[in-house]
Amino acid sequence: MPSFDTTAGVRQDAGAPGTPDDAPARSPLLQHLNAEQLAAVTLPAGHALILAGAGSGKTRVLTTRIAWLLQTGQASPGGILAVTFTNKAAKEMVARLSAMLPINVRGMWIGTFHGLCNRLLRAHHKLAGLPATFQILDTQDQLAAVKRLCRQHNVDEDRFPPKQLVWFIASCKEEGMRPRDVPVRDQDMQKKVEIYQLYEEQCQREGVVDFGELMLRSYELLQGNDAVRAHYQRRFAHILVDEFQDTNRLQYAWLKQLAGDVVEGRLVTHGSVVAVGDDDQSIYAFRGARVGNMQDFVREFDVQRTIKLEENYRSYSNILDCANALISHNQGRLGKNLRTAQGPGEPVRVHEAPSDLAEAQWIVEEIRNLVRSGEAERREIAVLYRSNAQSRVIESQLFNAGVPYRVYGGLRFFERAEIKHALAYLRLLENPHDDTSFLRVVNFPPRGIGARTLEQLQDAARGAGCSLHDAVSTLTGRAGANLTAFVALIDVMREGAQGQNLRAIIGQMLEASGLVEHYRNDKEGADRLENLDELINAAESFVTQEGFGRDAVALPLDEQRGAPVLGQSPASQGLDASLPMAEPGTVIDTDTGETLSPLAAFLTHAALEAGDNQAQAGQDAVQLMTVHASKGLEFDCVFIGGLEEGLFPHENAMSDRAGLEEERRLMYVAITRARKRLYLSHSQTRLLHGQTRYNVRSRFFDELPEEALKWLTPRQPGFGSFGAGFSGGGAYGARASGGAGRSLGEVFASPPVPERKEGPGHGLRVGLQVFHNKFGEGKVLAIEGAGEDARAQVAFPRHGTKWLALAVAKLTVVE
DNA sequence: TCAGGAATTCTCCAG
DNA sequence: GAATTCCTGA
């Protein structure tokens, strides 16, 4: 193992293949693991890839491995870095670990990529070129900043929509590219890069970083500072990465920096990197995730050990058969098949509804039956959907039926307008040059500072190259007076905050800013006032809870020079007293040990963790969420609604194979959430954009094994009946199911009878064969609108797919 | 300056 | 159908 540096702090006497010599009997830690899991947990030092199928006990393997490393003395808490994508996953890992071992988990670096980057940047902010109090922009803030920039520089917002610019900047950073690194091919690109450059200057001036910058900046910190890099490389003898298939290029490069250096074209590493992932569950390509990182990892880290976890402990085999059959339609998989020792279980139930409303009613009825019969608790029932817009109709039906439910996603606590306003005031206390926050609240509540005044102020600030806060003194007149009063208000607040605890600071700010009074006078302000109260509570529990301390450790750089190197310290005692604890807050000055103020730490927390959107977590409620949000969760009963072409698979993703395959992986994730019972449903019509759309059943139905399904409603002609002429189909289109030739009467007579009192008027239905005078015969793919505005999408073998206005086009139904 | 109504846009998502 | 932006009149 030439790439393995023995100074890395891994005890070399650990006997291969993993089980320590002094443990002839299985440690209690390792009980109840199957052979695959045991092998993964007790992997000897060295890089490894664990391919963990859905429900194969991945989190358990990860946490047990960490516990095992600590217990056997192969690592000390300070030598471990475990990185995840979501706060949820990080929290769960910490919780499970502390349940397993009586250790101080604070010594370990367990967190999200962004959380750990934040920690690095706080500890080395000077080297990273950031102020100690740098603030983090969320997506909303980022969009606001870009819009402001566009207006200042007269960017044509029709040609360069701010949202697209945000996306462009984010994807550049995900690829590790600064403005100078972006290849410029045309004028548009030139302009975009210019804006990117301006945006960077603006952020630097204001002392703010966006999420992408958090990653990129800490990558550059490691890359550009040999001492810092060497320190962390030596410290982290064990790096564990969760959901590796979701890493983007920059995150992978960041991991490589922490793992070792490239010497003469080869990666020379100090510790072990264990990556856990599942290529079949990669559902974030649209935001830069690169499944290819798994192959790159194996090659560049010269990975000798790959372990597959294929035993599924979650679902019955009918459900797994569906998942396996579906995903087998994807190409280029690493190859993995889930198996279970459990029996077939119940068949997967399929339901067709005439409308989205009827679909929701059916789902709610089934849920009530399940609960009434005692077959499932409400909290063990989940309704999954492809897009958030679908939740409303289900929510309203649940509400009408009086069924408690909980929605994940949507607007979360720290994203609410009133909370953002309050946070903006708090941020100005920390950093008066944060122009984004300044603009957010300078006139909220209204204090007579309008667009005109702010334009002047922004001009002045640009002229003087200073922040809005500093430019206020240059303005005169009545507008100037209002602004001066605002700045004075902030300054008074800041002084009042001296020596106060967080609760008092926020309380005073809420009063002094006028926010409380403003919402008190607002008819619909009651909820907002409640949320502001909740903000105080959140701050309170942040200070008292362990969550505050967990981010608290950063090693002074000097630490590395004294022996022993941390990773090598005998860790049999489990506790690591040698680690300097720096509470409260993260260390921001590695020389003096200065820490972040509680307020600054709380603001960071608010930016990195948007919080839940609903408080009643403990209640026994039905769970509603998007398929994306369901990843990593499991339920006894799962409903997947809206399985229609254009919705799932989503129309934005249907045009190319890569997009379609990601949709299929998404469906795979959805199916594998279910333990006992799975319901799939689709609807003939759906209200979207306030318009009725006529949809075909999703092609995914045709990719499931018929013997595992139970059709609750008669099987209608679906996607598979189109035959030729549909793009992106390949194998799918060929599977005709014999429904295409039905007559109108037959189609309409078959149940379920649509609830519409009158038909759509044109007599067309999706799936019918029609004739057009010019284009010839074709198949109806979709119908939108009604009456005069009705349009149909028709696939013609010769002329491609066209949208036709039914009031104009003469279409006849081919019998 | 600002409230309220009209027009427009847009859906996948963690940090 | 909702959130956001645009627009107009007071």
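This is a predicted model, so every value here is computed, not measured.

Moving on to helix α15 (residues 417–430). Taking 1.5 Å as the rise per residue, α15 with 14 residues should run 20 Å; its terminal C-alpha atoms sit 20 Å apart, in good agreement. Where burial is concerned, most of α15 is hidden: 13 out of the 14 residues are buried.

Our next topic: the domain arrangement of chain A. According to the domain assignment, chain A contains domain 1 (31–134 + 211–311), domain 2 (135–206), domain 3 (348–411 + 614–711), domain 4 (414–557) and domain 5 (768–813). Using C-alpha coordinates to define each centre, domain 3 is positioned 41 Å away from domain 4.

What follows covers the UniProt feature "domain: UvrD-like helicase ATP-binding" (unreviewed entry) in chain A. Mapped onto this numbering, the UniProt entry annotates "domain: UvrD-like helicase ATP-binding" (unreviewed entry) at residues 31–316. When the span residues 31–316 is considered, its composition is 48% helix and 15% strand, and the gap between its end C-alpha atoms is 24 Å.

This structure, assessed with the given rule, holds 59 salt bridges. A salt bridge links R339 to E36, with the nearest nitrogen and oxygen atoms 2.8 Å apart. Pair noted here: R339 is in the loop between α12 (317–327) and β11 (348–355) and E36 is in helix α1 (residues 35–41), with a separation of 303 residues, a long-range link. Of the charged contacts, one joins E706 and R715 as a salt bridge, the two residues approaching to 2.5 Å between their closest N and O atoms. Residue classification places E706 among the partly exposed residues on the basis of a relative accessible area of 38%. Through salt bridges that share partners, K173, R178, E200, D210, E213, R217 and E220 make up one connected network.

Moving on, we come to the protein's contact with DNA strand B. In the neighbourhood of DNA strand B, 25 residues make up the surrounding shell, with N87, R386, N443, T626 and H689 lying closest. The sugar-phosphate backbone supplies 51% of the atoms of DNA strand B found within 4 Å of the protein. Interatomic distance of 3.4 Å between a side-chain N/O atom of N388 and a phosphate oxygen of DNA strand B. Contact between DNA strand B and G450: a phosphate oxygen at 2.9 Å from a main-chain N or O atom of the residue. Within the surface near DNA strand B, the residues separate by chemical class into seven nonpolar, 14 polar and four charged.

A word on the packing of helix α4 (residues 113–123) against helix α8 (residues 211–224). Between α4 and α8, the shortest axis-to-axis distance is 9 Å and the interhelical angle comes to 55°. Classified by the interaxial angle, the pair formed by α4 and α8 is oblique. Considering only the axes of α4 and α8, their crossing is left-handed. Taken together, the residues of α8 that come into contact with α4 (itself represented by F113, H114, C117, N118, L120 and L121) are F211, L214, M215, R217, S218, L221 and L222.

Rules and cut-offs
Residues numbered from 1 in each chain as written. Chains lettered and ligands numbered in written order. Predicted model: local features only at pLDDT ≥ 70, side-chain atom pairs only at ≥ 80, totals over all residues. Heavy atoms only, no water. Helix = DSSP H or I, 4+ residues; strand = E, 2+ residues; numbered from the N terminus. Expected span 1.5 Å × (residues − 1). Buried < 20%, exposed > 50% of the residue type's maximum accessible area, 1.4 Å probe, protein only. Domains from an automatic or database assignment. UniProt positions renumbered as here; feature names shortened; annotations may be inferred. Salt bridge = Lys/Arg side-chain N within 4 Å of Asp/Glu carboxyl O. Near = heavy atom within 4 Å. Polar contact = N/O pair within 3.5 Å; in protein donor to acceptor, adjacent residues only side chain to side chain. Nonpolar A, V, L, I, M, F, W, Y, C, P; charged D, E, K, R; others polar. Axes fitted to C-alpha atoms, helices over the stretch in contact; angles between N-to-C directions. Parallel < 35°, antiparallel > 145°, perpendicular 65-115°, else oblique. Left-handed = near helix turned anticlockwise from the far one by under 90°. Contact = heavy atoms within 4.5 Å.

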